[in-house]
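Listed below, chain by chain, are the residues.
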Amino acid sequence: MTATTQPVPDSALIGRVMAGDESALATLYDRYSTMLFGMLMRILNDRGAAEEVLQDLFMQLWRNAGQFDAGRGSLPAWLMVIGRNRAISRLRGRRDREVLEEEEGDFAGTFASPQNIEDEAARAQLAHRVAAALSKLPAEQRQALELAYFEGMTQSEIAGKTGAPLGTVKTRVRAAMQSLRQIL
Amino acid sequence: MTEPHANPEDLDLYALGALDGEEKQTFEAHLRSCPACRRELAAARERTTLLGLAAPAAAPRPQAKAALMDKVRAEHRSPATQMAPLKAAKKRWGLRFSLGFGLATAVLAFATFELAKQDLDRGRQLKKMQAQLSQDTTAMQAMGQVTAAPDSAMVTLLQQPGGPPGQAHVMYNARMGMGVYSGQLAPVPAGKSYQLWLVPASGNPISAGLVEANQQNGAMVMHLTPGLVAKAFAVTIEPQGGAPQPTGPKVLVGVAG
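Source: prediction; values computed, not measured.

Asker: Please give an account of the overall build of chain B that cites residues and values.
Answerer: Along its length, chain B carries 7 helices and 8 strands. Taken over 257 residues, chain B has a buried fraction of 38%. Sequence-distant contacts, at least 24 apart, represent 61% of the contacts inside chain B between residues at least 6 apart.

Asker: Hey, could you go over the overall build of chain A for me, with residue numbers and the actual values?
Answerer: Across its full length, chain A holds 9 helices and 1 strand. When the helices and strands of chain A are read in sequence order from the N terminus, they spell out β-α-α-α-α-α-α-α-α-α. For chain A, buried positions account for 55% of its 184 residues. Pairs at least 24 residues apart make up 63% of the contacts formed inside chain A by residues separated by at least 6 positions.

Asker: Tell me about the confidence of the model for chain A, and name the residues and values.
Answerer: Averaged over every residue, the pLDDT of chain A is 82; the share at 70 or more is 80%. Contacts of residues 95-111 of chain A to residues separated by more than four positions or lying in other chains number 29 contacts, the stretch itself having pLDDT below 50.

Asker: Tell me about helix 1 (residues 10-18) of chain A, and name the residues and values.
Answerer: Of all the 9 residues making up helix 1 of chain A, 9 are buried; the element is thus mostly covered by neighbouring parts of the structure. All of the buried residues along helix 1 of chain A are D10, S11, A12, L13, I14, G15, R16, V17 and M18 of chain A.

Asker: So what about the environment of R129 of chain A? Which residues, and what values?
Answerer: All names here are of chain A. Tracing the chain through its elements places R129 in helix 6 (residues 120-136). Each C-alpha atom of the pair R129 and I183 lies 8.2 Å from the other, and the pair is 54 residues apart in sequence. Apart from the residues within four sequence positions on either side, R129 is in contact with I183 and L184.

Asker: Tell me about the nonpolar core, and name the residues and values.
Answerer: Counting 106 residues, the largest nonpolar core has L36, L40 and A148 of chain A as its most contacted members. Apart from the residues within four sequence positions on either side, L40 of chain A is in contact with A50, V53, L54, G83 and A87 of chain A.

Asker: Quick rundown of the pairing of strand 5 (residues 206-211) of chain B? Include the residues and the values.
Answerer: Taken residue by residue, a regular strand's side chains alternate between the two faces of the sheet. Residue and element names in this part refer to chain B. In the sheet, strand 4 (residues 192-200) pairs with strand 5 via 5 bridges, with the strands oriented antiparallel. From the neighbouring strand, L196 faces strand 5, where its bridge partner is G209. Hairpin remark: strand 4 followed by strand 5, antiparallel, with 5 residues in the connecting loop; positive phi at G203, about 95 degrees.

Asker: Tell me about the environment of L228 of chain B, residues and numbers included.
Answerer: Residue and element names in this part refer to chain B. Counting through the fold element by element, L228 comes out in the loop between strand 6 (214-223) and strand 7 (230-239). L228 sits in the partly exposed class, given 18 other C-beta atoms within 10 Å. Distance in space between the C-alpha atoms of L228 and L198 is 9.1 Å, their sequence separation being 30 residues.

Asker: I'd love a proper account of the packing of helix 1 of chain A against helix 2 (residues 22-44) of chain A, names of residues and values included.
Answerer: All names here are of chain A. Running from N to C, helix 1 and helix 2 cross one another at 140 degrees; their axes reach a closest spacing of 7 Å. Our classification of the angle between helix 1 and helix 2 gives oblique. Once helix 1 is placed against helix 2, the crossing between them reads as left-handed. The residues of helix 2 that touch helix 1, namely those facing L13, R16 and V17, are A24, L25, T27 and L28. The residue inventory of the contact of helix 1 with helix 2, partitioned by class, reads 5 nonpolar, 1 polar and 1 charged.

Asker: Residue-level account of unusual backbone geometry, with values.
Answerer: Phi is positive for N45 of chain A, close to 50 degrees, though the residue is something other than glycine. Along the polypeptide, N45 of chain A turns up in the loop between helix 2 and helix 3 (47-63).

Asker: Could you give an account of the packing of helix 1 (residues 8-16) of chain B against helix 3 (residues 35-50) of chain B, naming the residues involved and the relevant values?
Answerer: All names here are of chain B. The interhelical angle for the contact between helix 1 and helix 3, taken along N-to-C directions, is 55 degrees, at an axis separation of 9 Å. With respect to each other, helix 1 and helix 3 are oriented oblique. Of the two elements, helix 1 crosses helix 3, and the hand of that crossing is right-handed. Across the interface between the two elements, L11, D12, Y14, A15 and L16 of helix 1 pack against C37, E40, L41, A44, R45 and T48 of helix 3. The residue inventory of the contact of helix 1 with helix 3, partitioned by class, reads 7 nonpolar, 1 polar and 3 charged.

Asker: Explain the confidence of the model for chain B to me, using residue names and the numbers behind them.
Answerer: All names here are of chain B. The pLDDT averaged across chain B works out to 75; a share of 71% of its residues lies at or above 70. By mean pLDDT, the top-scoring element of chain B is helix 4 (residues 62-74) (93), and the lowest-scoring one is helix 5 (residues 83-118) (40). The model gives residues 78-123 a pLDDT under 50, and that stretch makes 78 contacts with residues more than four places away or in other chains. Contacts from residues 128-135, a stretch scored under 50 in pLDDT, to residues over four places away or in other chains number 7 contacts. As a predicted assembly, this complex carries a pTM of 0.60 together with an ipTM value of 0.85.

Asker: Which residues make up the environment of N204 of chain B, and what values go with them?
Answerer: When you line up the elements, N204 of chain B lands in the loop between strand 4 and strand 5. A sequence separation of 41 residues divides N204 of chain B from Q245 of chain B, and the C-alpha atoms of the two residues are 7.8 Å apart.

Conventions used here
- Residues numbered from 1 in each chain as written.
- Chains lettered and ligands numbered in written order.
- Predicted model: local features only at pLDDT ≥ 70, side-chain atom pairs only at ≥ 80, totals over all residues.
- Helix = DSSP H or I, 4+ residues; strand = E, 2+ residues; numbered from the N terminus.
- Buried ≥ 20, exposed ≤ 12 C-beta atoms within 10 Å, placed from the backbone.
- Contact = placed C-beta atoms within 7 Å.
- pLDDT = per-residue confidence, 0-100.
- Core = buried A, V, L, I, M, F, W, Y, C linked by C-beta atoms within 7 Å.
- Pairing = 2+ DSSP bridges.
- Axes fitted to C-alpha atoms, helices over the stretch in contact; angles between N-to-C directions.
- Parallel < 35°, antiparallel > 145°, perpendicular 65-115°, else oblique.
- Left-handed = near helix turned anticlockwise from the far one by under 90°.
- Nonpolar A, V, L, I, M, F, W, Y, C, P; charged D, E, K, R; others polar.

In structure tokens:
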């Protein structure tokens, strides 16, 4: 008889959350709360608000773990997408983003990541690479991308804030995403 | 005539949630009839998701977790009434596991290469991790086999009256003689060990190995004799290092099938 220890896969923990196992939810919280809270703080810049969104996110997972379909992607990616939408809805006082992501269905796409973000060591390395890639972008491209992602601004709002023509905003976002695509 | 594909600029903006106005409506109308653009959008969303990682990781206060778990306990659902979804989820476990492992290996290999170029020390650290991952391959494959097999069964082990709190799960495949244990127990008394037992239909219990009190993040993979049918699983408190047969009190018991 031999025995070895391996991390419990997310999908197994999700199965246990669906079965009402509180400790499985606690394990998922320990695994991903730091990653999620960092993003929520970047968007909301308010510890109390970020903790409330984080709690709502995990309560959604507790109540509706069945909504997460492992066939469509990874759990941390799903949590990032839903968490970002909730934070931006709160930041901007609007509900449409939550509806978009959670009910849109056809266009919601997968919650996959081209990289593995379930593994902690790989995730840390990937975070380092994404941050480094962003820092290398021309300032106006990075600004356009950050206004869209972290502040939830539309292209028109970005144009209004930066004073750049709409076509320029489009080009900047496209160029920034292409650079990230090459790096990632 | 084939409808032209969506403007790539709009695709990225839509993935970010930044496309607005008439352009958004036009884009969505096109998506409804264009599988190729829907695939492109999915890929763009995948890249967009990674942007969140650029934010520095930050820890919420401990009381945030406590508040969450209080709320969860207030809405507690009984495990016994919810076993069916667990079996359905089990089928995805193996697939996700094997895919996750493959991706982890690929990412680690890539990161090793990149970092070795940039920073030799960090590259060496990653190579060490890669070696560890390689050593664990057999165990990970075993876990994947058990969780993917349609004839594997999940057994929930519950605490015993008067005993310390705890709960655990064993996914076991009798045909392969392999199982996966994960669970949470009270800290083990000094000088003692928790030991997992397979109780066969007849004969003495068979040791399935020692388990840690907190085996939530790390599952234990057990290898027993193929064809060994389990009537139940139990965890007992034994002298440190374990015993050939159970001698101490049962802290968790779960009846199979």
